[in-house]
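Structure at a glance
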Amino acid sequence: MNVIETQGIRLPKLGLGTFRMQGTVCREAVESALALGYRHIDTAEMYANEDAIGAALAAADVPRAELHVTTKVWPENLAPDAIRRAFDTSLKKLRLDFVDLYLIHWPAKGMNLPAALETLVKLKEEGRTRSIGVANFTVALLRQAVEDIQAPVACNQVEYHVMLDQSKLIAYMASKSIPLVAYCPLAQGRAAADETLAAIGRKHGASAAQVALKWLLDQDHVAAIPKAGRKESQQANWDAMKVQLDDEDRKTIAALPKDKRFVNPGFAPEWDR
């Protein structure tokens, strides 16, 4: 399976997003995904589903060394002591001795970023998370994290799909060898209804959604975590990795409007800088 090597970990390029999945639905979705071959599971304390994911991981017959589990700390918990409490809670719910990646979920106004990242680094040094990273960070915030603070940022998780241009962010991240993990990679379902993508899909015997997902996965240092609760959707996303887009397809996709953002970056007032 395609992986990205970053800060000492191997991050599978295709993962399972679990936002807005909870309880039995979430547990069964994770069990289904693991059975299909997924090894990258993404969650967060805010999703209120770490306990369900922990139950699925405990029940699965998958060696821990093969799994990649990401979770995140919510912005109201970015003080050092609060981070540790949140982390302890997440780890207990996930029934794990360590996570593979621990992220700052959103930047918060007035946050002490050096102190927050220092706490994450200490968790890494203690072996409780294998790597650390951020989510929803602008170029300006990333520059502060990796250039000023010199934190070992393993990824930046942001909204990214065929309808949103992230070229400035990607260019900076590439210069620092930081992978992008794309959430909402199918534009919250809108990619599936796009006729241009559907036409490309017909050429390859694939769906519009599969074309949109493979467009992301074909990019260097880009991973994607589509949410998929149903086994059929998980399989369709998995099969997207087999689609072979050509230069003409990529040129057509590049010409699509890329000005649609579907997640309100409420915690990042300087998002567009």
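Residues numbered from 1 in each chain as written. Predicted model: local features only at pLDDT ≥ 70, side-chain atom pairs only at ≥ 80, totals over all residues. Heavy atoms only, no water.

Notes on the overall build of the protein chain
Within the protein chain, the regular secondary structure consists of 10 helices and 10 strands. A compact globule built from 273 residues would reach a C-alpha radius of gyration of about 19 Å, and the protein chain, at 18 Å, matches this within 12%. By its C-alpha atoms, the protein chain is 55 × 45 × 30 Å across when sized along the principal axes. Counting all 273 residues of the protein chain, 56% fall into the buried class. A separation of at least 24 residues holds for 74% of the contacts in the protein chain among residues at least 6 apart in sequence. (Helix = DSSP H or I, 4+ residues; strand = E, 2+ residues; numbered from the N terminus. Rg over C-alpha atoms; globule rule 2.2 N^0.38 Å. Buried < 20%, exposed > 50% of the residue type's maximum accessible area, 1.4 Å probe, protein only. Contact = heavy atoms within 4.5 Å.)

As for the side chain of Asn49
Residue position: Asn49 is located in the loop between β4 (40-42) and α2 (50-59). Its relative accessible area of 0% is what places Asn49 among the buried residues. Here Asn49 is in contact with Thr18, Met21, Gln22, Cys26, Thr43 and Ala44, once residues within four sequence places are set aside.

Some points on the pairing of strand β9 (residues 180-183)
Residues Leu180 and Ala182 line one face of β9 and the alternating positions Val181 and Tyr183 line the opposite face, and both faces are buried. The pairing of strand β8 (residues 153-159) with β9 spans 4 bridges and is classified as parallel. The residue of β9 that forms the bridge with Asn156 is Leu180. The parallel pair β8 and β9 is bridged by helix α6 (residues 167-175), and the resulting crossover is right-handed. Where β9 meets strand β10 (residues 222-224), 3 bridges bridge the pair, whose relative direction is parallel. Note that in β10 the partner of Ala182 across the bridge is Ala224. (Pairing = 2+ DSSP bridges. Right-handed = clockwise from strand over helix to strand, strands pointing away.)

Some words on the pattern of salt bridges
Here the structure, examined in full by the defined rule, presents 20 salt bridges. Across the pair Asp246 and Lys203 runs a salt bridge whose closest N-O atoms are separated by 3.1 Å. Of this pair, Asp246 sits in the loop between α9 (231-239) and α10 (247-254) while Lys203 sits in helix α7 (residues 195-204); the two residues are 43 residues apart in sequence, bridging distant segments of the chain. In this structure, the salt-bridge partner of Asp239 is Lys242, at a minimum N-O distance of 3.5 Å. It is possible to trace a salt-bridge network through shared partners that takes in Lys214, Asp218, Asp247 and Arg250. (Salt bridge = Lys/Arg side-chain N within 4 Å of Asp/Glu carboxyl O.)

Observations regarding helix α8 (residues 208-217)
Across the 10 residues of α8, 10 count as buried, placing the element largely inside the fold. Burial in α8 covers these residues: Ala208, Ala209, Gln210, Val211, Ala212, Leu213, Lys214, Trp215, Leu216 and Leu217. Residues of α8 that are buried sit in contact with β9, α7, β10, α9 and α10.

Notes on the sheet that holds β10
Taken together, the 8 strands give an open sheet; going across it, the order is β3-β4-β5-β6-β7-β8-β9-β10, and neighbouring strands pair in parallel fashion. Strands with a single pairing partner mark the edges of an open sheet, and in this sheet they are β3 (16-17) and β10. As paired elements, strand β5 (residues 68-73) and strand β6 (residues 101-104) share 4 bridges and run parallel to each other. Residue pairing for β6: Thr71 is matched across the bridge by Tyr102.

Quick notes on helix α3 (residues 80-94)
Structural remark: α-helix, 3.6 residues per turn; residues separated by three or four positions point the same way. Look at α3: 21 Å from first C-alpha to last across 15 residues, which is about the 21 Å you get at 1.5 Å a residue. Residues of α3 that are buried sit in contact with α2, β5, β6 and α4 (113-125). Just past α3, the residue Arg95 takes up positive phi, approximately 60 degrees. (Expected span 1.5 Å × (residues − 1).)

Structural notes on the packing of aromatic side chains
Scanning the model with the defined rule gives 4 aromatic pairs in all. Ring centres 4.7 Å apart and planes at 80 degrees place the aromatic pair Phe87 and Tyr102 in the edge-to-face group. Here Phe87 is found in helix α3, whereas its partner Tyr102 is found in strand β6, with 15 residues between them in sequence. Judged on exposure class, the residue Phe87 and its partner Tyr102 are both buried. Ring centres 5.7 Å apart and planes at 55 degrees place the aromatic pair Tyr160 and Trp215 in the tilted group. (Phe/Tyr/Trp six-rings, centres within 6.5 Å; stacked < 30°, edge-to-face > 60°.)

Re the nonpolar core
Membership of the largest hydrophobic core comes to 80 residues, with the highest contact counts inside it found for Tyr102, Ile104, Leu142, Leu197 and Ile253. Dropping the residues within four chain positions of it, Ile104 is found in contact with Val73, Leu78, Leu113, Ala116, Leu117, Leu120, Gly133, Val134, Ala135 and Phe137. Among the nonpolar cores identified, the runner-up in size contains 15 residues, and Ile4, Leu103, Cys184 and Ala223 belong to it. (Core = buried A, V, L, I, M, F, W, Y, C linked by side-chain atoms within 4.5 Å.)

So, unusual backbone geometry
Positive phi, close to 65 degrees, is recorded for Arg20, a residue that is not glycine. Mapped onto the fold, Arg20 is located in the loop between β3 and α1 (23-36). At His221, a residue that is not glycine, the phi angle is positive and equals roughly 60 degrees. Along the chain, His221 turns up in the loop between α8 and β10. Among the residues examined, His221 registers a relative accessible area of 45% and is labelled partly exposed.

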